[in-house]
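# Coordinate analysis (summary)
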Amino acid sequence: MNIHSMRKKNLTCLKLFFCLFLAAIILFNTIHVASADNLSESDLGQNQQSVSENVTEKQVLDENMIIKRLFHMILELEKELDDFAVDLSSDDMNSNIEKITQSINAAREKIRKEKEALTEYICNLEREKFSLYLENDNLYKWKLASALVNKISDIYGIELDNVKLNRFEDEHLIPKEAKTQSVCSADWGIIKLDNERFFNPFEKISKAAFEKAMERFRELLINPPEVQVVDVSLPVVSPSLEDDVYKIIDSLAKNSKYKYHISVYDFATNKEINYNATDTIVPASLIKVLYLCTYLEEVEKGNLSLNTVHTLTKNDKYAAGNKVVGTGTLQYQKEGNKYSFETLLSYMISISDNVASNIIIEALGKDRINAAAQKYGMKDTWVYNKFFELKEPENKSTAKDLIIPLLLLENRYIKDQLAQKGIDMMKKTSNKNRIGRLLPKTLTVANKSGTISKLVGDMALIYFPDREPIAMTVLITSKSKGAVNANQAEPEIGKVALNIVQYFQKYKYPSLYINGEKIKDSVAFRYINNVPYIDISGITAVENVNQDKIVLIENKKYYPIDDMVKNIGYSWDIVDNRIIHIYEK
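Anyway, here's the lowdown on the structure attached to this text. Everything numeric in this text was worked out from a predicted model, so none of it was measured.

Parameters and conventions
Residues numbered from 1 in each chain as written. Predicted model: local features only at pLDDT ≥ 70, side-chain atom pairs only at ≥ 80, totals over all residues. Heavy atoms only, no water. Helix = DSSP H or I, 4+ residues; strand = E, 2+ residues; numbered from the N terminus. Expected span 1.5 Å × (residues − 1). Buried < 20%, exposed > 50% of the residue type's maximum accessible area, 1.4 Å probe, protein only. Phe/Tyr/Trp six-rings, centres within 6.5 Å; stacked < 30°, edge-to-face > 60°. Core = buried A, V, L, I, M, F, W, Y, C linked by side-chain atoms within 4.5 Å. Contact = heavy atoms within 4.5 Å. Pairing = 2+ DSSP bridges. Axes fitted to C-alpha atoms, helices over the stretch in contact; angles between N-to-C directions. Salt bridge = Lys/Arg side-chain N within 4 Å of Asp/Glu carboxyl O.

The terminal C-alpha atoms of helix α8 (residues 288–301), which comprises 14 residues, lie 20 Å apart, in line with the 20 Å expected from a rise of 1.5 Å per residue. Counting buried positions over the 14 residues of α8 gives 12, a clear majority of the element. Here α8 has its buried residues at K288, V289, L290, Y291, L292, C293, T294, Y295, L296, E297, E298 and V299.

Given below as structure tokens:
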């Protein structure tokens, strides 16, 4: 390449550089103008509001975009200058080299000053953002760490996904959106730690500590940090609760000559485990809990009454010409005896009385029962016959469907006292020889069993003294679709229930923390219709709530935690099912 070509090339590069530099200056001035406008409109002295509260969301987004773009432009310019300098040093140029080199050095100095000015500008933005918190002595470590680390990572495009966690013993108290950032803030020297094992996320930041953090933040904007990451190419996947319970069931099912159909739901974690739970079966007396829910809902609506009296007739003891036999005592009682519908419901559940069940079916009508089943989400459940009508098609359902009426009762879909009446009837069920067979006396079992020649089953709400209940349906059928021996099936149901219960007993009521401070060693926490609720009884920090949203269950005042934190400006985490943490946003 001749001298003329080299000059042309270098001059072209220099022109390109100055064009880029001019664009950077224009962008930076634009930021200063936008900032000045925002500052003039904010009036920091009124209502103690910070700049960030006075800037619209769009302005903030535009500002962040410009800052990020400018930083990337500066980095590109520095690289361009380095490449240009290498080119110049490798060529035998005439005296123009000295002039060009001086221009480059001057440009470098201007870039350095602009970078420092931009850094100062960003620092001032962050300082303004936290000024109100500092004035009120309400700036937490986690909040400052999150903001500053996020700003650095955003500007330089640093990926934080693979940062190694589990650095601090109190990491469970760090809000989920700040866990990685808190680790980085300690590694990068933004937040100084008194103890390397604890981050103390809700410790207040003093003005002196804040200034030190901002000074380190300024340094990191000039010289970005290195991030220590872990290899996640082969992630370690912790087994889930669902996997654990499924394996428990599967290990027992493999050693049985029968087929298991099981559905389990945990109110504490909102987890559901299903094992052959969608197989269609004839539900036998298990379907009676659906009749109970349907009748109670009609009472709640005012369409039916528990106090209505039914006079027993001869026709009540027959169905399609067949004598109604099997379980229950009404088949032996005198015609003309009078029974309230509350008593009939109790007989239907507690002693599985088939005559009482048919009276309930007649009062409701099969169409209303089937409509209720579909409304409840029991999509594979259909009622065609009363007990002992012995016609085709047979009633049908699944283990997954049959658990739903249990959830409706426990979740107070049917309101308070009516739901409790239904559960109390199940607690008095005479047959406790299946799910309740091997369970400790400290647990309460509210169940309904069912038996026909080809199915033996039980369904129950199981109440613990130190955690939320679980619901369970366990059905056993023959693998060859033949008869099932009840004497063999009942111990198997008992063993399945015991193993599942022992697993859930490990998960006690969680502790409650508010802003890092333990408020209660154990607090009732559960899901109701997929929404997390917490027992607010005795928690003074959350007394001012909407009373209409409280759900009363067994003397506990459950309130939707999302609504609670929304109204008081908080957020919340649940950590390993053992800690509920409510904290200021």
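Bringing the packing of aromatic side chains into the picture now. Under the counting rule described, the total for this entry stands at 16 aromatic pairs. Arranged with centres 6.5 Å apart and planes meeting at 65 degrees, the rings of F130 and F210 form a pair that is edge-to-face. Note that F130 is positioned in helix α3 (residues 96–135) and F210 in helix α6 (residues 207–222), a separation of 80 residues in sequence. Comparing F130 with F210 shows no difference in burial state: the two are buried. Aromatic side chains Y265 and F267 sit 4.9 Å apart centroid to centroid with 90 degrees between the ring planes, which places their arrangement in the edge-to-face category.

Moving on, we get to the nonpolar core. Ranked by size, the top nonpolar core spans 77 residues in total, and within it Y291, L345, I360, L409, I534 and I582 carry the most contacts. The element best represented in this core is α8, accounting for 8 residues. Apart from residues no more than four positions distant in its own chain, L409 is found in contact with V289, L292, C293, L296, I414, A419, I423 and M426.

Once that is clear, we can look at the sheet that holds strand β10 (residues 511–514). Ordered by their spatial adjacency, 4 strands build an open sheet running β11-β10-β17-β16, and the pairing between neighbours is mixed. Unpaired on one side and paired on the other, β11 (517–520) and β16 (570–575) mark the two borders of the sheet. Averaged over all pairs of adjacent strands, the angle between their axes in this sheet comes to 25 degrees, without regard to strand direction. Taken together, the 4 bridges between β10 and strand β17 (residues 579–584) define a ladder with parallel strand orientation. Bridge pairing links L512 to I580 in β17.

Scanning the entire structure with this criterion turns up 33 salt bridges. With its nearest N and O atoms 3.1 Å apart, the salt bridge here joins R368 to E298. Here the residue R368 occupies a position in helix α11 (residues 366–376), and E298 occupies one in helix α8, the gap between them amounting to 70 residues. Taking the relative accessible area as the measure of exposure, R368 reaches 28% and is therefore partly exposed. Residue E298 is classed as buried on the basis of its relative accessible area, which comes to 6%. The residue E410 makes a salt bridge to R412 at a minimum N-O spacing of 3.9 Å. Accessibility assignment for this pair places E410 and R412 in one class, buried. Through salt bridges with shared partners, a single network forms among E297, E298, K301, R368 and K375.

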